[in-house]
Amino acid sequence: MSELPLRAQLAAALGRGAASLSRATGRGDGSVIGGRIALKVEPNLLAELARGRRIALISATNGKTTTTRLIAAALREIGEIATNEHGANMPTGHITALANNPKALIGVLETDEKYLPQVLRETNAVVVVLMNLSRDQMDRASEINLLAKKWREALAASQAHVVANADDPLVAWAGLAAPHATWVAAGQRWKEDSWCCPECGGHLKRDPDPHWECPECGLSRPYTTWSLDNATDTVTDPEGKTHRLQLRLPGDANRSNAVIALATAAAYGLRPEQALPRMREIESVAGRYTSIVTKGVEVRLLLAKNPAGWLESFAILDPPRVPVILSVNAQVADGRDTSWLWDVDYTVLRGRRVFVMGERRTDLALRLETDEVPFEIADSVDQALTRLKTEQPDITKVDVIANYTAFQQIRTAYGRVQ
Amino acid sequence: MSDTSSTLRIVWIYPDLLSTYGDRGNVLILRRRAELRGIPTEVVRVHSSDPVPEEGDVYLLGGGEDRPQILAAQRLRADGGLKRAAERGAVVFAVCAGYQIIGETYGDDQNNPLPGVGILDVRSGRGDTRAVGEIVADVDPALGVGRITGFENHQGRTAIGPAARPLSTTVRGVGNDGTTEGAYQGTVIGTYLHGPALPRNPALADLLLRWRVGEIPPLPPSWGERLHEERLAAAL
């Protein structure tokens, strides 16, 4: 990286100091506070820090932290990487990530959906990775059609190369505005936010899956060069070569993240054979998919923040004899509104032992009652496990699905597991 | 329909355009509360490219973003099915964007008035601020519903014309204008309580059923009543 102007150097140093203080005092991982202080000293700091580096921005409603981790792991094959691996995905987090790694020539930055246009402008990123858009925290987030429109405008005004999921119509519509794109058939399980054409509002024709087109204006799924076959765990690259993924991360959602990561690595000149071994080493991401062993039970933690995320989590649940604990909060970071619970179909949980907990467990209880899923109320994971162990001493596994702050509370209760 | 031996037809209007905030909850709870009383139900999902059937019993409309709202209004007006159903006395329950478009006029994103379906005598426009948060209101005593609770997230402001009445008086939150919430006219209801308004207010769900099938036996209190109480306590 080229030399920073003096003011930017000072700002970056101050930010690093605050970040280590935050970590040392156990207040957080320091990603946000460090960046906030640095920005006060040098408002153009992000642009200064990004100059001369080849930066990739990763954005989506779901999977951006995991995909950022996969891409960063792959690109370490080339050299040092600056990345915001703790999920601090706004400009303050980007500043901290870049300032902490002044020698890294490549930046891999998870980016909040709303901030993408601004961060793209400031960092002049060379690659923009877009995966999916679906309803999420509607009391504080933008409407997703509006979000897609802003992405589209920002990409039209940039020279960035887009790596995008062609199977999500909103994402594809945004990405089609970019001057260069790699289209990936990464799949889309949750379709309830994309029945309407993003261009004209017509009812999309969506068969045979994954094809989609608008019968009214003609917008259609872009031609893809990368594809994923979940059934065989295989990715096909643009040369027609197939690669087994064999990830440690579970489920179709992570296969989808991985094919996007492989296409992004290719944009940096890495072949799948080079990228995959490093991606396979990842087994959990900031506590997601982590298993903790307590009371002799393996408890797996799954984070699900919105209907699309819950759908993906249900798909990777262990066989029905494994009980599941659901926990829902409605703090600011979760969205104060629990209406989304009604967009999730819980009938798949019938026949499984289900516990509900969290600050909004009554909402969850009514939701399960309506779907005729029997459930029990619990105050904590520990309490549910105690009850389970008493009644089923041979129990060995339990899955936990929780939304954001509920997940962090459980993670903290078990020592901020990674 | 007047006897409980025939099927209650619940028509969900345009889930592809108007379904943003758990609007599916209203469909599910209405069906459940009917079936617990032995009333068989049928749910009809009507896509924006399909004609709206006129012989339904209860019509549900959900919330939507600006552009889908405009499209839904245009299509409903061109189709005419919802208006004819309302004229023959069907129950209509419309939420948020759905509430605005069943009125006489509503505002687009520049606040230009656009024509609605015209089955509820209200006129909506855009306010200066967005109303986001828990809302509590007391329903017109004539309807026998009591206090309702919900979540609002809208920038609309709605004026009620002479043929309609306010659904409720706001206790907390904004609703139509900071003093009243929602509107009704015959068996047509509009409200800013978005998404699962009926799950959070079992008495409101039962009102819609009574309007269609006559007297219904009460149900033993369950999680719906618990949630209703919990949200009222949290909001006040």
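Residues numbered from 1 in each chain as written. Chains lettered and ligands numbered in written order. Predicted model: local features only at pLDDT ≥ 70, side-chain atom pairs only at ≥ 80, totals over all residues. Heavy atoms only, no water.

Draft legend 1. Molecular detail of the domain arrangement of chain A. All names here are of chain A. If you check the domain split of chain A, you get domain 1 (1–42), domain 2 (43–281) and domain 3 (289–415). Its C-alpha centre places domain 2 at a distance of 29 Å from the equivalent point of domain 3. Here domain 2 and domain 3 share an interface that buries about 1500 Å² over both sides, 56% of which is from carbon and sulfur atoms. Applying the counting criterion to the domain 2 and domain 3 interface returns two salt bridges. (Domains from an automatic or database assignment. Buried area = accessible area lost by both parts, 1.4 Å probe. Salt bridge = Lys/Arg side-chain N within 4 Å of Asp/Glu carboxyl O.)

Draft legend 2. The arrangement of the side chain of Asn-254 of chain A in detail. Residues and elements named next belong to chain A. When you line up the elements, Asn-254 lands in helix H9 (residues 251–267). Note on Asn-254: relative accessible area 0%, which makes it buried. Among the polar contacts made by the side chain of Asn-254, one reaches the side chain of Tyr-289 at a distance of 3.2 Å. (Helix = DSSP H or I, 4+ residues; strand = E, 2+ residues; numbered from the N terminus. Buried < 20%, exposed > 50% of the residue type's maximum accessible area, 1.4 Å probe, protein only. Polar contact = N/O pair within 3.5 Å; in protein donor to acceptor, adjacent residues only side chain to side chain.)

Draft legend 3. Highlighting the pattern of salt bridges. Residues and elements named next belong to chain A. Under the defined criterion, the tally for this structure stands at 42 salt bridges over all chains. The partner of Asp-167 in a salt bridge is Arg-221, and the shortest N-O contact between them spans 2.7 Å. Taken together, the residues Asp-167 in the loop between strand S5 (161–165) and helix H8 (169–175) and Arg-221 in the loop between strand S6 (180–185) and strand S7 (226–229) connect sequence positions 54 residues apart. Comparing Asp-167 with Arg-221, the two get one shared label, buried. Across the pair Glu-376 and Arg-387 runs a salt bridge whose closest N-O atoms are separated by 3.6 Å. Taken together, the residues span a long stretch of sequence, with Glu-376 in strand S14 (residues 376–377) and Arg-387 in helix H13 (residues 381–391) at a distance of eleven residues.

Draft legend 4. Spatial organisation of the sheet that holds S5 of chain A. Residues and elements named next belong to chain A. Reading across the sheet, the nine strands line up as S2-S3-S1-S4-S5-S6-S7-S8-S9 and stay open at both edges, with mixed pairing between neighbours. If you trace the sheet from one side to the other, it starts and ends with strand S2 (81–83) and strand S9 (242–244), each paired once. Strand-to-strand twist of the sheet, defined as the mean angle between neighbouring strand axes without regard to direction, takes the value 15°. The strands that helix H6 (residues 116–123) touches are strand S1 (54–59) and strand S4 (127–130); relative to S1, the one it contacts most, it runs at about 180°. Against the sheet, H9 contacts S4, S5, S6, S7 and strand S8 (234–236), and its axis sits at roughly 155° relative to S7. (Pairing = 2+ DSSP bridges. Axes fitted to C-alpha atoms, helices over the stretch in contact; angles between N-to-C directions. Contact = heavy atoms within 4.5 Å.)

Draft legend 5. Seen up close, the packing of aromatic side chains. Counted under the stated rule, the structure contains six aromatic pairs over all chains. Relative to Phe-314 of chain A, the ring of Trp-310 of chain A lies with its centre 6.0 Å away and its plane at 80°, an arrangement referred to as edge-to-face. Taken as a pair, Trp-310 of chain A and Phe-314 of chain A lie in helix H11 (residues 307–315) at a separation of four residues, close to a single helical turn. Arranged with centres 6.0 Å apart and planes meeting at 65°, the rings of Trp-310 of chain A and Tyr-346 of chain A form a pair that is edge-to-face. Separated by 36 residues along the polypeptide, Trp-310 of chain A in helix H11 and Tyr-346 of chain A in the loop between strand S12 (324–327) and strand S13 (354–357) bring together distant segments of the chain. Each member of the pair Trp-310 of chain A and Tyr-346 of chain A is classed as buried. Through successive ring pairs, a cluster of aromatic residues spans Trp-310, Phe-314, Trp-340 and Tyr-346 of chain A. A cation over an aromatic ring shows up here: Arg-206 of chain A above the ring of Trp-195 of chain A, its NZ or CZ 5.8 Å from the ring centre. The side chain of Arg-226 of chain B reaches across the aromatic face of Trp-223 of chain B, ending 4.1 Å from its centre. (Phe/Tyr/Trp six-rings, centres within 6.5 Å; stacked < 30°, edge-to-face > 60°. Lys NZ or Arg CZ within 6 Å of the ring centre and 35° of its normal.)

Draft legend 6. Examining the packing of helix H1 (residues 24–35) of chain B against helix H6 (residues 202–213) of chain B more closely. Residue and element names in this part refer to chain B. Running from N to C, H1 and H6 cross one another at 70°; their axes reach a closest spacing of 10 Å. With respect to H6, the element H1 is oriented roughly perpendicular. Relative to H6, H1 is oriented so that their crossing is right-handed. Of the residues in H6, those in contact with Ile-29, Leu-30, Arg-33 and Ala-34 of H1 are Pro-202, Ala-205, Asp-206, Leu-208 and Leu-209. Considering only residue class, the contact of H1 with H6 consists of seven nonpolar, no polar and two charged. (Parallel < 35°, antiparallel > 145°, perpendicular 65-115°, else oblique. Left-handed = near helix turned anticlockwise from the far one by under 90°. Nonpolar A, V, L, I, M, F, W, Y, C, P; charged D, E, K, R; others polar.)

Draft legend 7. Expanded view of the interface of chain A and chain B. Counting residues at the interface gives 38 residues for chain A, matched by 39 residues for chain B. For the pairing of chain A and chain B, the buried interface totals around 3000 Å² over both sides, and the portion due to carbon and sulfur atoms is 50%. Counting across the interface, chain A meets chain B through two salt bridges. Linking Glu-372 of chain A and Arg-32 of chain B is a salt bridge whose minimum nitrogen-to-oxygen distance equals 3.5 Å. Counting across the interface, chain A meets chain B through 14 residue pairs in polar contact (both at pLDDT 80 or more).

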